[in-house]
Amino acid sequence: MTKDLVLAILKNSDTYISGEAISKELGISRAAVNTAVKSLRDAGFVIDSVNNRGYLLKSSPDTLSYGDILAHLSKERMENVKVFDEIPSTNDYARELALNGAPDKTVVISNCQTKGKGRRGRSFASPKGVGIYLSVIFKPDCLPKDTVSVTAQTAVAMCNAINSSCNVMPKIKWVNDLIINQKKICGILTEMGIEAETGHIQYLIIGIGINANHKLSDFPKEIRDFASSIMLETGNVVNRAKLAAQMIKELDILRDNMEDITAYLNEYKDLSATLNKDVKIISNEDEKIGKAIDINNDFSLKIKYPDGTIKDVSSGEVSVRGLYGYSD
């Protein structure tokens, strides 16, 4: 923790800062500061030191530690952020925390997942050092029907986070895949627990996986045709700590405004890669082709079929002509 705190101070300083100033701010010894600086250097951080001036961070490796994220968030907010180098699943860990009384807005972040989960029990590739794997706990006092739009709202929030941090605005393939240049760069998985006695939500776990600095070789061969990363699509290396912090900020805004569905719905429509496109709906091994003509107030998809019938789709797999999975 000392190393993380020292790193956050160095990252937030544009000029040399003395070891004495750091020790006073953190309430630790000068020796502890020196040890932390040595440890950071061993981890690849280039830190200049000058007598009577102190330390200056010259360059940083692309790491995703508590200290990296602390440089972009307040200490108060970071009290409920858990950061791991490796974990089986951020969603599973967040669920354990939620069941043991973790507060609303608790966040779990990992540099790697060994058992990352996607929709319908699929695995989610989560290699070390290139992505952001984040889960947040929401504890709204409401019924499940009142949160049917939270996954779509999260998609909008993550588009805004990526745009703010990386200067590129993704599109949303219904219902919750984020895409850039027609390639998937983010997936979202929402799980919930329900109190048996009241029927109210006990917790919501929203898991988000963003492909930030993946190279093509980081993806399993079977998904390389449609998966990509922000770096691959923009040519720019992503500051993962900065993006992770912005994700948390946008999730906080979402949690505070969950009931304001209209604002998110309007943004969702503007960002939709599905609206007004030919789509293939796969449900219970049945395939139908139609056109997405609108997105309803509950974020379900309004489909017009070739025979003129119009139906709403709220579940199932939807492929979009021109995007991955549907080119015929």
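Described below are features of the structure shown in this document. Computed from a predicted model, the values in this text were never measured in an experiment. (Residues numbered from 1 in each chain as written. Predicted model: local features only at pLDDT ≥ 70, side-chain atom pairs only at ≥ 80, totals over all residues. Heavy atoms only, no water.)

1. Comments concerning the sheet that holds strand β14 (residues 317-320)
In sheet architecture, strand pairing relies on hydrogen bonds along the backbone and comes in two forms, parallel and antiparallel.
Thought 1: Ordered in space as β13-β12-β11-β10-β14, the five strands form an open sheet in which the pairing is antiparallel. This sheet does not close on itself; its edge strands, each paired only once, are β13 (310-313) and β14. Between one strand axis and the next, the sheet turns by 45 degrees as a mean value, whatever way the strands run. (Pairing = 2+ DSSP bridges. Helix = DSSP H or I, 4+ residues; strand = E, 2+ residues; numbered from the N terminus. Axes fitted to C-alpha atoms, helices over the stretch in contact; angles between N-to-C directions.)

2. What about the pairing of strand β4 (residues 107-110)?
Thought 1: Because side chains alternate across β4, one face comprises the buried residues V107 and I109, and the other comprises V108 and S110, equally buried.
Thought 2: Inspection of the sheet shows strand β3 (residues 81-84) paired to β4 by four bridges, in the parallel sense. Across the sheet, the residue bridging to V81 is V107, located in β4.
Thought 3: In this sheet, strand β5 (residues 131-138) lies alongside β4 in antiparallel orientation, the contact comprising four bridges. The residue of β5 that forms the bridge with I109 is L134. (Buried < 20%, exposed > 50% of the residue type's maximum accessible area, 1.4 Å probe, protein only.)

3. Thoughts on the pairing of strand β12 (residues 301-304)
Successive residues of a regular strand alternate their side chains across the two faces of the sheet.
Thought 1: Burial along β12 is one-sided: the face carrying L301 and I303 is buried and the face carrying K302 and K304 is not.
Thought 2: Inspection of the sheet shows strand β11 (residues 286-295) paired to β12 by four bridges, in the antiparallel sense. Counted as the bridge partner of D294 is K302 from β12.
Thought 3: Between the end of β11 and the start of β12, which pair antiparallel, lie five residues, with F299 showing a positive phi angle near 70 degrees.
Thought 4: As paired elements, β12 and β13 share four bridges and run antiparallel to each other. Note on β13: the bridge partner recorded for K304 is I310.
Thought 5: The hairpin formed by β12 and β13 contains five residues between the paired strands, and G308 there has a positive phi angle of roughly 95 degrees.

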